[in-house]
Amino acid sequence: MMAEAPETQALAELCTVRNFIDVVVRAVEDLRIYTRLNLLLDRVMLVLLLRCVRTARSVCDLAERGFGDEAYVLSRTALEICLSARHIGNRDSEKRAVR
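Structural notes, computed from the coordinates.

### Let's talk about the overall build of the protein chain
Secondary structure summary: the protein chain contains four helices and zero strands in total. Moving toward the C terminus, one meets the helices and strands of the protein chain in the order α-α-α-α. Computed over the C-alpha atoms, the radius of gyration of the protein chain is 17 Å, more than 25% above the 13 Å expected from 2.2 N^0.38 for a compact globule of 99 residues. C-alpha atoms of the protein chain, sized along the principal axes, occupy 60 × 30 × 20 Å. Taking all 99 residues of the protein chain together, 18% fall into the buried category. Pairs at least 24 apart in sequence give 64% of the contacts found in the protein chain among residues at least 6 apart. Put simply, the protein chain shows about 7,800 Å² of open surface, and 59% of that area lies on carbon and sulfur atoms.

In structure tokens:
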């Protein structure tokens, strides 16, 4: 049995990632999240989630088109968004969201 070509395997993995992103988006949409008007934290966290989803989709687009280096750089941006969300949600959340 022959092993898959690296490009074929990479495209299959990209498809898996895209499917996962779609599952996350559907799960969030099904939750019907409404932000509390008096808390900036809710809006900031929702914006960070949406920005991370948009960035992840862009990473997939770049990788599919053969721009691996650019996709790698942008994937770091997605990681930084996740770390920011973690930092804000860890402690003193409302105060950190205002910053």
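### Observations regarding unusual backbone geometry
Of note, arginine 32 is a non-glycine position whose phi angle comes to about 50 degrees, a positive value. Topologically, arginine 32 is positioned in the loop between helix H1 (6-31) and helix H2 (40-64). By relative accessible area, which is 62% here, arginine 32 ends up exposed.

### Description of the pattern of salt bridges
Going through the model one piece at a time under the given rule, you end up with six salt bridges. Residues aspartate 42 and arginine 36 are paired through a salt bridge, measuring 2.6 Å at the closest nitrogen-oxygen approach. When its relative accessible area of 16% is taken as the criterion, aspartate 42 is described as buried. According to the relative accessible area criterion, arginine 36 is partly exposed, its value standing at 44%. Residues participating in the shared-partner salt-bridge network are Arg18, Asp61, Glu64 and Arg65.

### Structural notes on H2
Spanning 25 residues, H2 covers 36 Å between terminal C-alpha atoms, matching the ideal 36 Å at 1.5 Å per step. Looking at H2, one finds that the buried residues are Leu41, Asp42, Leu48, Cys52, Val53, Thr55, Val59 and Cys60. Check the buried side of H2 and you find it contacts H1, helix H3 (68-90) and helix H4 (93-98). Within two residues after H2, glycine 66 carries a phi angle of roughly 90 degrees, on the positive side.

### Brief notes about the environment of valine 25
Locating valine 25 in the fold gives a position in helix H1. Along the chain, valine 25 and valine 53 lie 28 residues apart, while their C-alpha atoms are 7.8 Å from each other. Valine 25 has contacts with Val53 and Arg57, leaving out every residue within four places of it along the chain.

How each quantity is defined
- Residues numbered from 1 in each chain as written.
- Predicted model: local features only at pLDDT ≥ 70, side-chain atom pairs only at ≥ 80, totals over all residues.
- Heavy atoms only, no water.
- Helix = DSSP H or I, 4+ residues; strand = E, 2+ residues; numbered from the N terminus.
- Rg over C-alpha atoms; globule rule 2.2 N^0.38 Å.
- Buried < 20%, exposed > 50% of the residue type's maximum accessible area, 1.4 Å probe, protein only.
- Contact = heavy atoms within 4.5 Å.
- Areas by Shrake-Rupley, 256 points an atom, 1.4 Å probe, with all protein chains shown as cover.
- Salt bridge = Lys/Arg side-chain N within 4 Å of Asp/Glu carboxyl O.
- Expected span 1.5 Å × (residues − 1).

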